[in-house]
Amino acid sequence: MNTIVTDIKAKFKELGVDIPAEKIEERLEKLIVQFKVPKEEAKRSVINFFLKEHGISKDQFYDAMGETGISKIADIFEVGKWFNLKAKVVQLWENSNPSISQVGLIGDETGTIKFISWEAAGLPALEEGNTYLFKKVVVSEWNGKVEINLNKSSSIEQIPNDIQVQIRTKGVVPLVKVADISEDGIWVDLKGKIVQLWENSNPSISQVGLIGDETGTIKFIKWVSAEIPTDLVEGKNYLFKNAVTNEWNGKLEITLNRSSSIEEIADEIEVSTKDIVMTGAMIDIQSGSGLIKRCRECNRSLTKGACAEHGKVEGVYDLRLKAVLDTGTITQDILLKREITEKISGITLDNAIAMAADALDQSVVVETMKQKLLGKYYTVSGSRVDRYILVESIKKESFLEPKLIQELIKEAEAL
């Protein structure tokens, strides 16, 4: 907070107005600590307060900051700095946050950067592929990455100039291996085989699944808005061009948008799926199992009716099982999608919905699964994805033959 106070005080002093630091700090502390306002928004609010108090126009203040020139995206790195930019809208992202008008990527010949246009700013809507002059945008930081914010001080003007956007981030090799993907927000090309296509009920997603090469596998999402005509097929090999890496819940994935393309290739790629076959006792069924709801927009599971990306949503029902197998030497987390969960538990999605409705409690489903499954032995096979084995097949095991059981009973009776 001290840095913000010093910055505001210095800016006003350049205009001949000496505001006591304690006054600035008092207003900032009230906004940030008491009302939980984000620091950059609190800073803007405090600046506007003192501008009105001293009769200084916003144009006069921001011109005095020496930021009336046109900057390049590659030069944007200082949080709290105000810029003017000429940039093309590369991609608009799905957004259900009522406070945000639009969010996505803009770019110029030096790179790309995330932008957020706040609803309160009342700015005109941007369109993908169009070029704009952005005036008085401010830099903020989220998850260690800089982004620009368009607020009430900002303005947008569409211009006819077309910009050739540099969509590759400096230092990234154009063609990468899955194992080389270690950072989000990077543009990459990737050759791989489609290992799995997952069921998808999200109307915004065209296809979702796993793509892999000889170094591993990674989740991909092809958005409907990308308008990529190629339909991916399991087992076939493709070249993904201009895909973007993204991190969610600590896991990296790649997304295909309007700047991306897909080309089927003749290369035969051997995927390192880390296939595993394991037999053990199911000793735990974890939270998040049974009857769950998923976000209609991104297919993520909901927590207390909320999606981590889209907030409170209605959601659609699904069935899954997150369990732990004990082999006697190690324990292993396993993840079963709906079809396999239905098969091993004997509970269909429709059954689960009915059970929950009768009991007025979704937890009745997972409790029934625990009664049916815990303590029994299973052999599972599938690929490892992070700490889970993504189960492709599961078989219940019985290690004692009926004949042997009868012999043991007779021995026990004799004793």
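Relevant structure appears above.
The structure presented is a predicted model; accordingly, all values stated were derived computationally and were not measured.

1. Digging into the overall build of the protein
Now for step 1: A tally of helices and strands in the protein yields eight helices and 22 strands.
Now for step 2: Taking contacts inside the protein between residues at least 6 apart in sequence as the whole, the part at least 24 apart equals 59%.
Now for step 3: When the accessible surface of the protein is totalled, it reaches about 21,800 Å², and 50% of it is carbon and sulfur.

2. So, the pairing of strand β6 (residues 145-150)
Now for step 1: Direction of pairing for strand β4 (residues 111-118) relative to β6: parallel, over a ladder of three bridges. Each bridged residue has a counterpart across the sheet, and for serine 117 the counterpart in β6 is leucine 150.
Now for step 2: In this structure, strand β5 (residues 131-142) lies alongside β6, joined through five bridges in antiparallel fashion. Considered in β6, the bridge of serine 140 is made with glutamate 147.

3. What to know about the nonpolar core
Now for step 1: The biggest cluster of nonpolar side chains holds 26 residues, and the ones touching the most others in it are Met282 and Ile334.
Now for step 2: Of all the secondary-structure elements, those providing two or more residues to this core are β15 (275-285), β19 (316-326), β20 (331-336), α5 (338-345), α6 (349-359), α7 (363-373), β21 (377-385) and β22 (388-397).
Now for step 3: Leave out the neighbours within four places in its chain, and isoleucine 334 touches Met282, Leu321, Lys322, Ala323, Leu325, Val380, Tyr388, Ile389 and Val391.

4. Here's the deal with the pattern of salt bridges
Now for step 1: Summed over all chains, the structure comprises 15 salt bridges.
Now for step 2: Across the pair lysine 114 and glutamate 147 runs a salt bridge, and its minimum N-O distance is 3.4 Å. Of the two residues, lysine 114 is situated in strand β4 and glutamate 147 in strand β6; the sequence distance between them amounts to 33 residues.
Now for step 3: The exposure class of lysine 114 is partly exposed, given its relative accessible area of 24%.
Now for step 4: Here glutamate 147 falls in the buried class, since its relative accessible area comes to 8%.
Now for step 5: When salt bridges that share partners are traced, they join Asp7, Lys11 and Lys43 into one network.

5. Re the packing of helix α1 (residues 2-14) against helix α2 (residues 21-34)
Now for step 1: Relative orientation of the contacting elements α1 and α2 amounts to 130°, with a least axis distance of 9 Å. With respect to each other, α1 and α2 are oriented oblique. Handedness of the α1/α2 crossing: right-handed. Touching Asn2, Ile4, Val5, Ile8 and Lys9 of α1 are Ala21, Ile24, Glu25 and Leu28, all from α2.
Now for step 2: Looking at the contact of α1 with α2 residue by residue, the classes come out as six nonpolar, one polar and two charged.

6. Examining the environment of lysine 177
Now for step 1: Here lysine 177 lies in the loop between β8 (175-176) and β9 (187-197).
Now for step 2: Residue lysine 177 is classed as partly exposed on the basis of its relative accessible area, which comes to 37%.
Now for step 3: Taking the C-alpha atoms as reference points, lysine 177 and threonine 217, 40 residues apart in sequence, are found 9.6 Å from one another.
Now for step 4: With near-sequence residues (within four places) excluded, lysine 177 lies in contact with Leu190, Asp213, Glu214 and Thr215.

The rules behind these values
Residues numbered from 1 in each chain as written. Predicted model: local features only at pLDDT ≥ 70, side-chain atom pairs only at ≥ 80, totals over all residues. Heavy atoms only, no water. Helix = DSSP H or I, 4+ residues; strand = E, 2+ residues; numbered from the N terminus. Contact = heavy atoms within 4.5 Å. Areas by Shrake-Rupley, 256 points an atom, 1.4 Å probe, with all protein chains shown as cover. Pairing = 2+ DSSP bridges. Core = buried A, V, L, I, M, F, W, Y, C linked by side-chain atoms within 4.5 Å. Buried < 20%, exposed > 50% of the residue type's maximum accessible area, 1.4 Å probe, protein only. Salt bridge = Lys/Arg side-chain N within 4 Å of Asp/Glu carboxyl O. Axes fitted to C-alpha atoms, helices over the stretch in contact; angles between N-to-C directions. Parallel < 35°, antiparallel > 145°, perpendicular 65-115°, else oblique. Left-handed = near helix turned anticlockwise from the far one by under 90°. Nonpolar A, V, L, I, M, F, W, Y, C, P; charged D, E, K, R; others polar.

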